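# Architecture and fold: a report
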Amino acid sequence: MTVLPADGLSLAAEFPDPSHDQWQSLVEGVLRRSGREVTGSAAEEALSTALGDGLTARPLYTSTDVSVDPGLPGFAPFTRGSTAAGNTTDGWDVRQRHALTDPVRLNEALLGDLENGVTSLWLEVGGPGGVPVSGLARALEGVHLDLAPVVLDAGADAGPAVRELLALCEARGLAKGSVRGSLGIDPLGHAARSGAEPDLTEAVHWARLCSGEYPGLRALAVDALPYHEAGGSAAEELGLSLATGVACLRALTAAGLSVEEACGQLEFRYAATADQFLTIAKLRAARRLWARVAEVCGAPDAGAQRQHAVTSSVMMTRRDPWVNMLRTTLACLGAGVGGAESVTVLPFDHALGLPDAFARRIARNTSTILIEESHLARVTDPAGGSWYVERLTEELAAAAWSFFQEVERAGGQAAALRSGMVRERIAATWAARSRDLARRKEPVTGVSEFPALAERPVEREPAPSASWDGGLPRVRRDEAFEALRARSDRHLAATGSRPRVFLAALGPASAHTARASFAANLFLSGGIEPVQEPVSVDASTAASAFAASGATIACLCSADALYAEQAEGVTAALRAAGAEQVFLAGRPDAFAGADVHVFAGCDVVAVLSSVLDRMGVA
């Protein structure tokens, strides 16, 4: 019988510990074989990815990358969770969003969702897209308000909506201590969206009432979605949420609430994106930062931030909307692992109008599957200890805190909104991101990459559109390409055919397939139909093939070596056959005789806009 040493058996005992320099040397060798001569730290940088906010995802992390103790779940700084148990008891709260103007239809949707796994309700009240305040009682008929928490999103109608909800609870004879949920009052978020003057007076009134009489209700929402939906980065979203939270603390404590009572009235709302690691780090950083605010205010034990995560509307696409199911699944995973207490998964058809029953079912089942089948909630802070996640949390928190300090120096959140500072900062961020989207450095599957031009459009009942004149804009990642596709759709409706491009592939398939696929994908993203018939051409066959294609432009596709041999003759034949423009898939040094060169990293939106203009596509 073999007796193990007291310290156990080390399975790696016979393997020497590799050094960072050894790993870097291996990276250099791999890059050298791919034609890139880089050494030292440059080799590691070549495999790094820029994330925005000045952050970078590196290819390798070690224990030396973690310099801050994240603490324990349920204890300050709450990085690892606001409670010791996290979501491990029953999973996170599955909160479904509803925006319907008809109280009867809304009631049917609410009851159906509650019967099938939803645990709380988020209602848009008032405005062009919400249920009227007068219809709230009918909409909540049959909903047990002491069992299913209700969260209001009422904007300018917050006061009347709150009075109606509390009156309904009283009429049903509910004890004040049994009423749960959030009144969702967010004057600063409403000001950001609408351009209205921020006024916390009414919010303070309701917070004092809830603090004294309704212990299960939180009065205020610190909603960071307006900044995310306007194109803000993760650090900007966090920084502005901190500034909003601090403004609320100042108003509430000035009205007589203690710091602990004021913190208890706040629920923070953040966007969850398909970048699951950034979502995880954002939620962890948000808790850590708010804990620091509470500590500075003299109430370190009150810094456990209550979080509601909502899958990003910015990432949702109108074309190939089925891919949105994958995006929202990743976002929900990030929100759950990141420790959000409540998670709202937007239906996959959210960008198209009012979601149907099937889309709402898929949305709520996303959480159900991750909780019940994937057991994602069985571990508290499952990402904790990952050197990458810990480092990303630390760096994101630092960037957000820096921006928060900028806002505070500008006079606070309300002053920053009035002065236009918030708008200008977010606009600059979105402009930079838009350039990456236009160049497909940030690809959007089904839109800028792998578009399905012949797909049958998914149609939904139009949702009432809210007017946000004077407030922050609402953006989507797909908007530039969506505008191109809409032009193509109108051309199809008017003429019976889409604009076309002839792909003049040179040489055998092994030479032209890669660039022909690249070019086809590029033109399809703008609604331009590629025609490659026959499969390849030369100077003697290009003219007749182009004439038969019905196209007005052509694109050469092949390897650089064949361009040197055949491009000049084929280009001349295409122009003689009436080609208004000749494109070439490749960089300008491959063949200078083409009118336009398309290549990885070129401004695809600008190229396609110019093509459609030249074709006369309105």
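Reference entry: report on the structure contained in this document.

How each quantity is defined
- Residues numbered from 1 in each chain as written.
- Predicted model: local features only at pLDDT ≥ 70, side-chain atom pairs only at ≥ 80, totals over all residues.
- Heavy atoms only, no water.
- Pairing = 2+ DSSP bridges.
- Helix = DSSP H or I, 4+ residues; strand = E, 2+ residues; numbered from the N terminus.
- Axes fitted to C-alpha atoms, helices over the stretch in contact; angles between N-to-C directions.
- Contact = heavy atoms within 4.5 Å.
- Buried < 20%, exposed > 50% of the residue type's maximum accessible area, 1.4 Å probe, protein only.
- Right-handed = clockwise from strand over helix to strand, strands pointing away.
- Core = buried A, V, L, I, M, F, W, Y, C linked by side-chain atoms within 4.5 Å.
- Phe/Tyr/Trp six-rings, centres within 6.5 Å; stacked < 30°, edge-to-face > 60°.
- Lys NZ or Arg CZ within 6 Å of the ring centre and 35° of its normal.

Moving on: the sheet that holds strand 7 (residues 217-223). Backbone-to-backbone hydrogen bonds pair the strands of a sheet. The strands run either parallel or antiparallel. Here we have 8 strands rolled up into a closed barrel, ordered 3-4-5-6-7-8-9-10, and parallel in their pairing. Across the sheet, the mean angle separating the axes of adjacent strands is 25 degrees when strand polarity is ignored. Relative to strand 8 (residues 266-272), strand 7 runs parallel, the two being bridged by 4 bridges. Within the sheet, the bridge partner assigned to V222 lies in strand 8 and is F268.

Turning next to the environment of G471. If you trace the backbone, G471 turns up in the loop between helix 16 (421-438) and helix 17 (479-495). Linking G471 and A192, residues 279 residues apart in sequence, is a C-alpha distance of 5.5 Å. If sequence neighbours within four positions are ignored, G471 has contacts with A192, R193, S194, G195 and R423.

Summarising burial for strand 3 (residues 93-98): 5 of the 6 residues are buried, a large majority. Looking at chain direction, strand 3 and strand 10 (residues 342-344) are connected through 2 bridges and run parallel. Across the sheet, V94 pairs through a bridge with V343, a residue of strand 10. By the bridge criterion, 4 bridges tie strand 3 to strand 4 (residues 120-124) in an arrangement that is parallel. Opposite Q96, over in strand 4, you have L121 as the bridge partner. In the classification by handedness, the crossover that spans strand 3, the intervening helix 3 (residues 103-115) and the parallel strand 4 is right-handed.

What follows covers the nonpolar core. W92, V125, L140, L183, Y227 and W290 are the most contacted members of the largest nonpolar core, which has 112 residues in total. Examining the composition of this core, we find that 11 residues originate from one element, helix 9 (residues 234-254), more than from any other. When sequence neighbours within four positions are dropped, the list of residues in contact with W290 reads L242, G245, V246, L249, C263, L266, F268, G303 and Q305.

Judged by how many residues are buried, helix 6 (residues 187-194) sits mostly within the fold: 7 of 8 residues are covered. Restricting attention to buried positions, one finds in helix 6 the residues P187, L188, G189, A191, A192, R193 and S194. Packed against the buried residues of helix 6 are strand 6 (181-185), helix 7 (201-213), strand 7, helix 8 (225-229), helix 9 and helix 15 (413-419). Downstream of helix 6 by a residue or two, G195 has a phi angle that is positive, lying close to 85 degrees.

Our focus in this paragraph is the packing of aromatic side chains. The final tally for this structure, using the stated rule, is 9 aromatic pairs. Taking 6.4 Å as the distance between ring centres and 15 degrees as the angle between the ring planes, the aromatic pair formed by F268 and Y270 counts as stacked. One exposure class covers both F268 and Y270, and it is buried. Where F523 meets F583, the ring centres are 5.6 Å apart and the plane angle is 85 degrees; that geometry is what we call edge-to-face. Pair noted here: F523 is in helix 18 (residues 509-524) and F583 is in strand 14 (residues 581-585), with a separation of 60 residues, a long-range link. Residues F523 and F583 agree in their burial class; the two are buried. Among the aromatic residues, ring-to-ring pairing joins Y61, F277 and Y388 into one connected group. A cation sits over an aromatic face here: R97 above W122, 5.7 Å from the ring centre.

The values are spatial; any link to function lies outside them.
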